[in-house]
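Summary of the model geometry
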Amino acid sequence: MTTPALSGRLVFLMTLNCALAVSTVYYHQPLLPQMASSFGVTLARGSLVATLTQLGYATGLLFFVPLGDTLQPRRLASMAIVANAIALLACALAPTFSLLAAFSFVVGMTAITAQIIIPAVSGRAAPQARGRVVGTLLGGLTSGLLLARTLSGFVGAHLGWRAIFVLASAVDLVLLAIVLRHLPESTGLTSMRYRDLMRSVGRLVREERLLRIAAMTGLLMFAAISALWSTIAALLSRPPYGLGPATIGAFGLVGLVGIPSSPRIGTIVDRVGARTMVLVGSITIAAAFGFIAAGALSLVWLVVGMVLIDLGNRAGFVANQSRIFGLRQDARSRLNTVFMVANFLGGAAGAALGGLAAQHHAWIGLALVGSALALAAMAVNLLAATHRA
């Protein structure tokens, strides 16, 4: 059960916040072929938008999210949202591909609100319920992914890719209103200069072995996911399928199957431990890429693989965040910074690797890259054998 300060209504509103905030990192994915075509660049170069958005997100996590331990989350999140809205409009107006890529980096860098919310809210949960609360917030993140991929595919097909960035900027205004009104204040802030704060992030990495294991497994698992989603639009737009942006975006709805599972996964983590769930998640992702390889033959196999990858990713993500938030109460934002920076560095690497593999070896290349990354995550997770987590 959550503490009295953490009501069901508050968890719901913050879950909605997470969904709206994370959407801006993923609006571009179904539209990469359309963007590349509009500027006359190759699909491989067009994937640079995905890579830079992920790198931007990792940069924002590294340099801004640690401030959540010293500044009120409401203030920090509000500044990030305003900057994100401006960057989205800049993308909509970008006259060249180079500028679009640069503005995409800024979009990613300022789309960090969810990672300010999650430590702030999870810190209010009772230890025995933390996995369930994190799982619920993760459900919001996943909903945001679905919203972004499905909505952007539909809007891009009917109004062009620039329109989705204008719409996303307007959505930021809704997010800003929710944050200003409902994001709770933190009572456990620390007094620390920014330079010392950043140095302490490095100390956490050195001192907390479990954090290093969580960060590395998260990096590898998210790299596998990113390899899929950064290349799926290009593969589906080719023969034998030749699908358009709206249809490709609809594949994001596959994740609807897993949304109700996030709180349940969190409950299981509370019961059996995070290490076991990360192991299950990484094995599931590795196996799922076998179905992705068969996507060249039938969309049915592709959908099966996508469902399994989504479930495996949820298991790993919820488990890893649950165990790091139990390490140090006064450093949750910095712990989350390390974990999420690792994830999105993995995302950037996965986007690049997936793009290259798909360009040269299509579905088989993507499957080999994704399964190798997931199996590497499984191996790293076994290093946690001496830890109870």
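Parameters at a glance
Residues numbered from 1 in each chain as written. Predicted model: local features only at pLDDT ≥ 70, side-chain atom pairs only at ≥ 80, totals over all residues. Heavy atoms only, no water. Helix = DSSP H or I, 4+ residues; strand = E, 2+ residues; numbered from the N terminus. Rg over C-alpha atoms; globule rule 2.2 N^0.38 Å. Buried < 20%, exposed > 50% of the residue type's maximum accessible area, 1.4 Å probe, protein only. Contact = heavy atoms within 4.5 Å. Areas by Shrake-Rupley, 256 points an atom, 1.4 Å probe, with all protein chains shown as cover. Lys, Arg positive; Asp, Glu negative; His and termini not counted. Charge placed at Lys NZ, Arg CZ, Asp CG, Glu CD. Phe/Tyr/Trp six-rings, centres within 6.5 Å; stacked < 30°, edge-to-face > 60°. Salt bridge = Lys/Arg side-chain N within 4 Å of Asp/Glu carboxyl O. Axes fitted to C-alpha atoms, helices over the stretch in contact; angles between N-to-C directions. Parallel < 35°, antiparallel > 145°, perpendicular 65-115°, else oblique. Left-handed = near helix turned anticlockwise from the far one by under 90°. Nonpolar A, V, L, I, M, F, W, Y, C, P; charged D, E, K, R; others polar. Patch = residues over 30% accessible without salt bridge, like charges linked within 9 Å, V, L, I, M, F, W, Y side chains within 5 Å. 1 Å grid on protein atoms, 1.4 Å probe; cavity = no way out; pocket = protein on both sides within 12 Å on 5 of 7 lines; lining within 4 Å. Points joined across faces, edges and corners; volume = space filled by probe spheres on them. Polar contact = N/O pair within 3.5 Å; in protein donor to acceptor, adjacent residues only side chain to side chain. Expected span 1.5 Å × (residues − 1).

Quick look at the overall build of the chain now. Of regular secondary structure, the chain possesses 17 helices and 0 strands. Its C-alpha atoms give the chain a radius of gyration of 19 Å, near enough to 21 Å, the size a compact globule of 389 residues would have. Its C-alpha atoms put the chain at 55 × 45 × 35 Å along the principal axes. Burial status across the chain gives 59% buried among its 389 residues. Pairs at least 24 residues apart make up 85% of the contacts formed inside the chain by residues separated by at least 6 positions. For the chain, the exposed area adds up to about 14,600 Å²; of that, 68% sits on carbon and sulfur atoms. In the chain, 27 positive and 9 negative side-chain charges are present, and the distance between their average locations comes to 5 Å.

Okay, the packing of aromatic side chains next. For any two aromatic rings, the description comes down to two numbers: the centre-to-centre distance and the angle of the planes. Taken as a whole, this structure holds 6 aromatic pairs when the rule is applied. Taken together, the aromatic side chains of Phe39, Phe97, Trp161 and Phe165 make up a single cluster linked through ring pairs.

This part takes up the pattern of salt bridges. In the structure shown here, the tally under the stated rule is 2 salt bridges. Notably, a salt bridge pairs Arg193 with Asp196, separated by 3.3 Å at the nearest N-O pair. The class of Arg193 is exposed, set by a relative accessible area of 52%. Arg314 is the partner of Asp310 in a salt bridge, and the nearest nitrogen-oxygen pair spans 2.7 Å.

With that settled, consider the packing of helix H11 (residues 209–229) against helix H16 (residues 299–325). Two elements in contact, H11 and H16, have axes separated by 10 Å at closest approach and are oriented at 160°. With respect to H16, the element H11 is oriented roughly antiparallel. In this structure, H11 crosses over H16, and the sense of that crossing is left-handed. For the pair formed by H11 and H16, the contact residues are Leu210, Leu211, Ile213, Ala214, Thr217, Gly218, Met221, Phe222, Ile225, Leu228 and Trp229 on the first element and Met306, Ile309, Gly312, Asn313, Gly316, Asn320, Arg323 and Ile324 on the second. Per-class residue counts for the contact of H11 with H16 are 12 nonpolar, 6 polar and 1 charged.

This paragraph deals with a positive patch on the surface. Judged by side-chain charge, Arg195, Arg199, Arg203 and Arg206 come together as a positively charged surface patch. For Arg195, a relative accessible area of 48% gives the class partly exposed.

This paragraph deals with empty space enclosed by the protein. Inspection of every chain in the model, using the stated rule, returns 5 cavities of 30 Å³ or more. Considered as a void within the structure, the largest cavity measures approximately 350 Å³ in volume. As for the largest cavity, its lining consists of 27 residues, and the residues nearest its centre are Leu145, Arg149, Phe222, Ile225 and Asn313. The residue makeup of the lining of the largest cavity, split by class, is 17 nonpolar, 7 polar and 3 charged.

Attention shifts here to the environment of Asn84. Within the secondary structure, Asn84 sits in helix H5 (residues 73–93). Asn84 gets classed as buried once you look at its relative accessible area, which sits at 2%. The contacts of Asn84, once residues within four sequence positions are left out, are Thr24, Val107, Thr110, Ala111 and Asp172. Here the side chain of Asn84 touches Val107 through a polar contact of 3.0 Å, landing on its backbone oxygen. Of the polar contacts made by the side chain of Asn84, one reaches the side chain of Thr110; its length is 3.0 Å.

For the rest of this paragraph, the subject is the packing of helix H15 (residues 274–293) against H16. Where H15 meets H16, the axes come as close as 7 Å, and the angle between the chain directions of the two elements is 160°. Classified by the interaxial angle, the pair formed by H15 and H16 is roughly antiparallel. The way H15 lies across H16 gives a crossing that is left-handed. Taken together, the residues that form the contact of H15 with H16 break down as 16 nonpolar, 7 polar and 2 charged.

Below, the discussion takes up the side chain of Asn17. By the element assignment, Asn17 lies in helix H1 (residues 8–23). On the basis of relative accessible area, Asn17 is assigned to the buried category, the value being 0%. Discounting chain neighbours no more than four positions away, the residues touching Asn17 are Ile117, Leu175, Ile178 and Val179.

We now examine H16. Helix length check: H16 (27 residues) gives 39 Å between terminal C-alpha atoms against 39 Å at 1.5 Å per residue, within 8%. Among the 27 residues that make up H16, 20 are buried, leaving the element largely enclosed by the rest of the structure.

As for its placement among the helices and strands, Ile265 is situated in helix H14 (residues 261–272). Residue classification places Ile265 among the buried positions, given a relative accessible area of 9%.

With that settled, the discussion passes to unusual backbone geometry. With the exception of glycine, most residues fall at negative phi, and the peptide bonds are largely trans. Positive phi, normally seen in glycine, also occurs at Ala362, with a value near 50°. In this fold, Ala362 is placed in helix H17 (residues 332–381).

With that settled, the discussion passes to the environment of Asn336. Along the chain, Asn336 turns up in helix H17. With residues near it in sequence (within four places) discarded, Asn336 still touches Gln115, Pro119, Gln321, Ile324 and Phe325. Here Gln115 takes part through its side chain, which lies 2.9 Å from a polar atom of the side chain of Asn336. A polar side-chain atom of Asn336 sits 2.8 Å from a polar atom in the side chain of Gln321.

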